[in-house]
Amino acid sequence: MQLIVTHGHSARPRIVQLAAWQLAALLLALALLLMAVSGAVYHFVFLKAAREGWPVVSQIVRLVVRDEIAQRDRFLRENLDAMARRVGEMQAKLVKLEAVGERTAGMAGLKPEDLRGLDAPAPAASAPTVATGGRGGPYIPVASPSVEAIDQALAALDRQADRQGDLWTLIESRLLESRLRALTVPSIAPVDGPIGSGFGFRADPFTGHSALHTGLDFPADPGTPIMAAAGGMVVTAERHPAYGLMVELDHGNGLVTRYAHASKLAVKSGDLVRRGQPIAEVGNTGRSTGPHLHFEVLVEGVPQDPAKFLAQGSEARNTAGLRTRR
């Protein structure tokens, strides 16, 4: 780019050559100079006029500032109204969640005294006494809320959310506890099929005299899988003179199940088994008149009627099925 500079009618003009980068630097310097001049004018003229109350300039400055403040207040008010609506929606959802949590707590076997520690803190002494009971509904402010009101509502929501989190954690703990208890209680039949001989006194098949039968007999074909009635640890897997090949499972809390007269064992002492896992096969070993499984349940070494445990398991499964269908 070329610039022609003249000093008068008779003076010889001067030609200045400018490269592209020099022109860009010149324009940038002019822009910075204009910005500096504008800032200086604003600072030394308009701000000074506003502080000292100059007749015309101060009024213009006040109008501009007042308009900016009004726009800012309107923006903040609109945002506060939107936040209040969101808080109301969150409160309504938490109320529904709390109702579901209380119903689920009842299904999990939690009593009201178990939830007492989760209640919100008592109101201050200066607060008026109100009747206790169910409360709820969305948050609908009478007027436009303030920042303090929004903060208080959010703090209350935070406390309520913490309480719901604690409640669901407690419910989950109780449900897991119930599930573990169910898994370690003999609640499924070890062999599919009818019961041949029940628990109690009967005529001994060898002597014909009355004797106590300490378990349940499940007639089945040789080789039929024998399943663990509950999860536990194998404490015995050996041959016994009367029981033949047998397996004993320890389920904890003094509860032991015994599976006798097997033809083959699928586990060894020390193994951990789950409920329904095959542990042996039906046979005719030991003191037996034919292929069948002799199944016992012992609590602290005392034989119990296994039919009661199996009935409880069947009832629990039927109840779970009804709840699922609902």
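Residues numbered from 1 in each chain as written. Predicted model: local features only at pLDDT ≥ 70, side-chain atom pairs only at ≥ 80, totals over all residues. Heavy atoms only, no water.

### A word on the overall build of the protein chain
Consideration 1: In terms of helices and strands, the protein chain carries four helices and 13 strands.
Consideration 2: Within the protein chain, buried positions represent 26% of all 326 residues.
Consideration 3: Of the contacts made within the protein chain by residues no fewer than 6 positions apart, 63% connect residues no fewer than 24 positions apart.
Consideration 4: Roughly 21,800 Å² of accessible area belongs to the protein chain as shown, and the carbon and sulfur atoms make up 60% of that amount. (Helix = DSSP H or I, 4+ residues; strand = E, 2+ residues; numbered from the N terminus. Buried < 20%, exposed > 50% of the residue type's maximum accessible area, 1.4 Å probe, protein only. Contact = heavy atoms within 4.5 Å. Areas by Shrake-Rupley, 256 points an atom, 1.4 Å probe, with all protein chains shown as cover.)

### Observations regarding the packing of aromatic side chains
Consideration 1: Scanning the entire structure with this criterion turns up one aromatic pair.
Consideration 2: Centroid distance Tyr-259 to Phe-295: 5.3 Å. Interplanar angle 40 degrees. Geometry classified as tilted. With Tyr-259 in strand β9 (residues 255-265) and Phe-295 in strand β12 (residues 292-299), the pair connects residues that are 36 residues apart, well separated along the chain. Per residue, the accessibility class of Tyr-259 equals that of Phe-295, and both read buried. (Phe/Tyr/Trp six-rings, centres within 6.5 Å; stacked < 30°, edge-to-face > 60°.)

### Notes on the pairing of strand β3 (residues 200-203)
Consideration 1: When β3 meets strand β4 (residues 210-213), the two strands line up antiparallel, connected through four bridges. Opposite Phe-201, over in β4, you have Leu-212 as the bridge partner.
Consideration 2: Connecting the antiparallel pair β3 and β4 is a turn made up of six residues, with Gly-208 showing a positive phi of about 80 degrees. (Pairing = 2+ DSSP bridges.)

### Focus: the pairing of β9
In the case of a regular strand, side chains alternate between the two sheet surfaces.
Consideration 1: In this structure, strand β8 (residues 244-252) lies alongside β9, joined through six bridges in antiparallel fashion. From the neighbouring strand, Glu-248 faces β9, where its bridge partner is Arg-258.
Consideration 2: Counting the residues that bridge the hairpin from β8 to β9 gives two residues, and of these Asn-253 lies at a positive phi of roughly 55 degrees.
Consideration 3: Judged from the six bridges that link them, β9 and β12 form a sheet pairing that is antiparallel. Residue pairing in the sheet places Tyr-259 in a bridge with Phe-295 of β12.

### Section: the side chain of Glu-248
Consideration 1: For Glu-248, the location among the structural elements is in strand β8.
Consideration 2: A distance of 2.7 Å separates a polar atom in the side chain of Glu-248 from a polar atom in the side chain of Arg-258.
Consideration 3: Residues within four places of Glu-248 in sequence aside, it is in contact with Met-233, Val-234, Val-235, Thr-236, Val-256, Thr-257 and Arg-258. (Polar contact = N/O pair within 3.5 Å; in protein donor to acceptor, adjacent residues only side chain to side chain.)

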